[in-house]
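In case you want the letters, here they are:
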Amino acid sequence: QVQLVESGGGLVQPGGSLRLSCAGSGFIFRINSMAWYRHAPGKERELVAHITSGRSTNYADSVKGRFTISRENAKNTVYLQMNSLKPGDTAVYYCNAAAGYQLNDDYWGQGTQVTVSS
């Protein structure tokens, strides 16, 4: 019954911004670590950003200083604010609820396409 519903992807020009949202249900959102991954064709899946229940964060080197992950527990939602977007950011972005003491398996959103092109 765990479900992750994403929104916010689309087409944007280089240097532009997008904010992705992921709403979770079926688990106690506030105590679970959350993450955003991305997967481009021909490349392996990459961890983009991670946030713990205590709001400690980690980022891939390629997005540091440009992307910000945050969470609003009252809305069971995790966000990814993406600024100064580059063509290399083009990928399908996936929301992840991490396995741990609460969840026996990782759970994934449906994926949302982000395309950065002029």
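Above this text sits the structure in question.
Here's a quick rundown of the structure.

Cut-offs used in this document
Residues numbered from 1 in each chain as written. Predicted model: local features only at pLDDT ≥ 70, side-chain atom pairs only at ≥ 80, totals over all residues. Heavy atoms only, no water. Pairing = 2+ DSSP bridges. Helix = DSSP H or I, 4+ residues; strand = E, 2+ residues; numbered from the N terminus. Axes fitted to C-alpha atoms, helices over the stretch in contact; angles between N-to-C directions. Buried < 20%, exposed > 50% of the residue type's maximum accessible area, 1.4 Å probe, protein only. Contact = heavy atoms within 4.5 Å. Salt bridge = Lys/Arg side-chain N within 4 Å of Asp/Glu carboxyl O. Phe/Tyr/Trp six-rings, centres within 6.5 Å; stacked < 30°, edge-to-face > 60°.

Turning our eyes to something else, we now look at the sheet that holds strand 3 (residues 18-25). Spatial strand order, 1-3-8-7: four strands in an open sheet with antiparallel pairing. Each end of this open sheet is capped by a strand with a single partner; those strands are strand 1 (3-7) and strand 7 (67-72). Adjacent strand axes in the sheet meet at a mean angle of 15° when their direction is disregarded. Bridging between strand 1 and strand 3 involves five bridges; their strand directions are antiparallel. Residue pairing across strands places Gln-3 opposite Ser-25, the latter belonging to strand 3.

For strand 4 (residues 34-39) and strand 5 (residues 46-51), the ladder comprises five bridges, and the chain directions are antiparallel. Bridge assignment links Arg-38 to a residue of strand 5, and that residue is Glu-46. Hairpin geometry of strand 4 and strand 5 is characterised by an intervening segment of six residues between the two adjacent antiparallel strands and by a positive phi of about 80° at Gly-42. Across three bridges, the pairing between strand 5 and strand 6 (residues 57-59) is antiparallel. Paired with Ile-51 across the two strands is Thr-57, which belongs to strand 6.

Let us now look at the environment of Ser-84. Tracing the chain through its elements places Ser-84 in the loop between strand 8 (77-82) and strand 9 (91-97). We classify Ser-84 as partly exposed; its relative accessible area is 41%. The spatial distance from the C-alpha of Ser-84 to the C-alpha of Leu-20 is 14 Å, given a sequence separation of 64 residues. Those residues in contact with Ser-84, other than ones at most four positions away along the chain, are Gly-15, Gly-16, Ser-17, Arg-66 and Asp-89.

Bringing the pattern of salt bridges into the picture now. Applying the stated criterion across every chain yields a total of five salt bridges. When the shortest N-O distance is used, the salt bridge between Asp-89 and Arg-38 registers 3.0 Å. Taken together, the residues span a long stretch of sequence, with Asp-89 in the loop between strand 8 and strand 9 and Arg-38 in strand 4 at a distance of 51 residues. We classify Arg-38 as buried; its relative accessible area is 6%. The partner of Lys-64 in a salt bridge is Asp-61, and the shortest N-O contact between them spans 3.1 Å.

Glancing now at the packing of aromatic side chains. Within this structure, the stated rule accounts for three aromatic pairs. With 6.1 Å between their ring centres and 40° between their planes, Phe-27 and Phe-29 make a pair best called tilted. The exposure classification of Phe-27 matches that of Phe-29, with both residues buried. With 5.0 Å between their ring centres and 65° between their planes, Tyr-37 and Trp-108 make a pair best called edge-to-face. Taken together, the positions of Tyr-37 in strand 4 and Trp-108 in strand 10 (residues 107-108) put the pair 71 residues apart, joining distant regions of the chain. With relative accessibility at 18%, the residue Tyr-37 sits in the buried group. With relative accessibility at 30%, the residue Trp-108 sits in the partly exposed group.

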